[in-house]
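Coordinate inspection notes
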Amino acid sequence: MTTDPKHNQQLSETSADLVARGQRYYVPNYKPREMILDRGEGARVWDLDGKDYIDFGAGIAVCSLGHQDPDLLKALETQARKLWHTSNIFFTAPPIELCEALVKASCFGKRAYLCNSGAEANEAAIKLVRKYAADAGRPPEKRNILSFNGSFHGRTLATVTLTAQPKYQQGFEPLPGGFTYCPTFNDIAAFDAAMNDSICAVFVEPVQGEGGVMPAAPGFLQHVHAACEKFGALLVIDEIQAGMGRTGSLFAHCQDGVIPDVVTLAKALGGGLPIGAMVVGNKAAETFQFGSHGSTFGGNPVMAAVALAAVKKLSNQQLLTQVGEKGEWLREKLREINTRLNLFADIRGRGLMIGAELRPELHGKANDFSEAARKAGVLSLVAGPNVLRFVPPLTITQDEMREGLQRLESALAAV
Ligand SMILES: *Cc1c(COP(=O)(O)O)cnc(C)c1O
């Protein structure tokens, strides 16, 4: 039920040509949808041919303040006209202010380290927990890192090894050593069986994102935290996707009632620009010393200035309360759609991080549904082959949500 007559039109010659050139010149590790996105405003984006889309994907949970946020634009322009890059041999103001803001906004943080992506934030955390264990006199065989089946922590060689999903690892062996896996997320018995004194750190997402939008069960992270204390392991919470307001609080783990030792951030942190961060609590705050780790671009003043503006806006309590309300409303509407179409076995999530799992007989088809929605004017994501994922800008309006749902339902009904 789309109103824009262009929705079903063919790509223009220019768009088709650009798509073909992208397909020809990119290393073929991506398979972008066959259109060219051109501009955005709020929770809406337009392609080169003028067709508009309601953005329920936000560039993979990145553009949490929507597109063209005026405060982010102002921060970008102001800093871009002053100084672009200095390296970490010199201080500039924006990364100092950003680290201070992250430490002060968290309930546990003492220091912060800035980098350029989620994988880099986790890579820093991997090195940090290993060094913490080494400094404590643990031999290398007692510096294992535990993560959960279905997790996603990044694509570098170490973070893809931390990512407990074989499909991301296959073909890249030999993988780095010292990583072990808990075979089931949210399963206390399985975790207790996997946890022992050879583990120096546990990495966990408060809501598994790529693994199917699976929130930690009530009490699960508290149990993991207690076991970490018992075995002298550090608790690292990967909030790269669930953090920065996505679930209705600035830091997602605050809803789980745990005090982590390290939290990693990226995605929404820069409002759409590439930046990552590792926030470190008391225990390991002095573990990295001069020369331990570094990054040429990390804390780049332009990225940091925009991220600082983003963190300020994402800390707004009214916005965070609305994330919870919008999320509940959206899940309710998806359930209503499902009473009519009967496609989903489960609709779940926290705040505006929502997953709709297809019924078993439709397994494997999430991408087909997402592509049909795209053609009807809604951008959505998948989380594995069976789950549709909705992570709209946190600032999305009621009207935008309604319009998106209408387009989504017509597309889902037609598949
Ligand atoms: C996206 C993601 C990462 C990796 O971030 P990149 O910026 O793509 O390297 C790590 N952990 C989680 C939970 C993520 O969602």
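Above this note sits the structure.
Residues numbered from 1 in each chain as written. Predicted model: local features only at pLDDT ≥ 70, side-chain atom pairs only at ≥ 80, totals over all residues. Heavy atoms only, no water.

The 4 strands are arranged β1-β2-β3-β15 in an open sheet whose pairing can be described as mixed. Of all the strands in the sheet, the pair left with one neighbour each is β1 (37-41) and β15 (378-379). With 3 bridges joining them, strand β2 (residues 44-47) and strand β3 (residues 52-55) adopt antiparallel strand pairing. Residue pairing across strands places Arg44 opposite Ile54, the latter belonging to β3. (Pairing = 2+ DSSP bridges. Helix = DSSP H or I, 4+ residues; strand = E, 2+ residues; numbered from the N terminus.)

All residues adjacent to the ligand are Ser117, Gly118, Ala119, Asn122, Phe152, His153, Gly154, Glu205, Asp238, Ile240, Gln241 and Lys267. Between Ala119 and the ligand, the recorded distance is 2.7 Å, taken from a backbone N or O atom to an oxygen atom. Asp238 has a polar side-chain atom sitting 2.8 Å from a nitrogen atom of the ligand. Taken by itself the ligand offers 380 Å² of open surface, and the protein chains cover 82% of this. (Near = heavy atom within 4 Å. Polar contact = N/O pair within 3.5 Å; in protein donor to acceptor, adjacent residues only side chain to side chain. Areas by Shrake-Rupley, 256 points an atom, 1.4 Å probe, with all protein chains shown as cover.)

Quick look at the pattern of salt bridges now. The tally for this structure, following the rule as stated, stands at 23 salt bridges. The salt bridge involving Asp52 is made with Arg407; its shortest N-O contact spans 3.1 Å. Note that Asp52 is positioned in strand β3 and Arg407 in helix α13 (residues 398-414), a separation of 355 residues in sequence. Residue class for Asp52 comes out buried when judged on its relative accessible area of 8%. A salt bridge links Lys131 to Asp135; the nearest nitrogen and oxygen atoms lie 3.2 Å apart. Placement of both Lys131 and Asp135 in helix α5 (residues 118-135) is noted, with a separation of 4 residues, approximately one turn of the helix. (Salt bridge = Lys/Arg side-chain N within 4 Å of Asp/Glu carboxyl O. Buried < 20%, exposed > 50% of the residue type's maximum accessible area, 1.4 Å probe, protein only.)

Tracing the backbone shows Ser106 in the loop between α4 (93-105) and β4 (109-115). Ser106 sits in the buried class, given a relative accessible area of 8%. Within the structure, the side chain of Ser106 is placed 2.8 Å from the backbone nitrogen of Gly109, a separation counted as a polar contact. Beyond its immediate stretch of four places on either side in the chain, Ser106 contacts Phe251 and Val279. (Contact = heavy atoms within 4.5 Å.)

The next thing to look at is the pairing of strand β12 (residues 276-281). In terms of residue burial, β12 counts as a mostly covered element, since 6 of its 6 residues are buried. Burial along β12 is two-sided: Gly276, Met278 and Val280 and Ala277, Val279 and Gly281, pointing in opposite directions, are all buried. When β4 meets β12, the two strands line up antiparallel, connected through 6 bridges. The residue bridging Cys115 from the neighbouring strand is Gly276, located in β12. Sheet topology places strand β11 (residues 262-265) next to β12; 4 bridges connect them, and they run antiparallel. Bridge pairing in β12 places Val262 opposite Val280.

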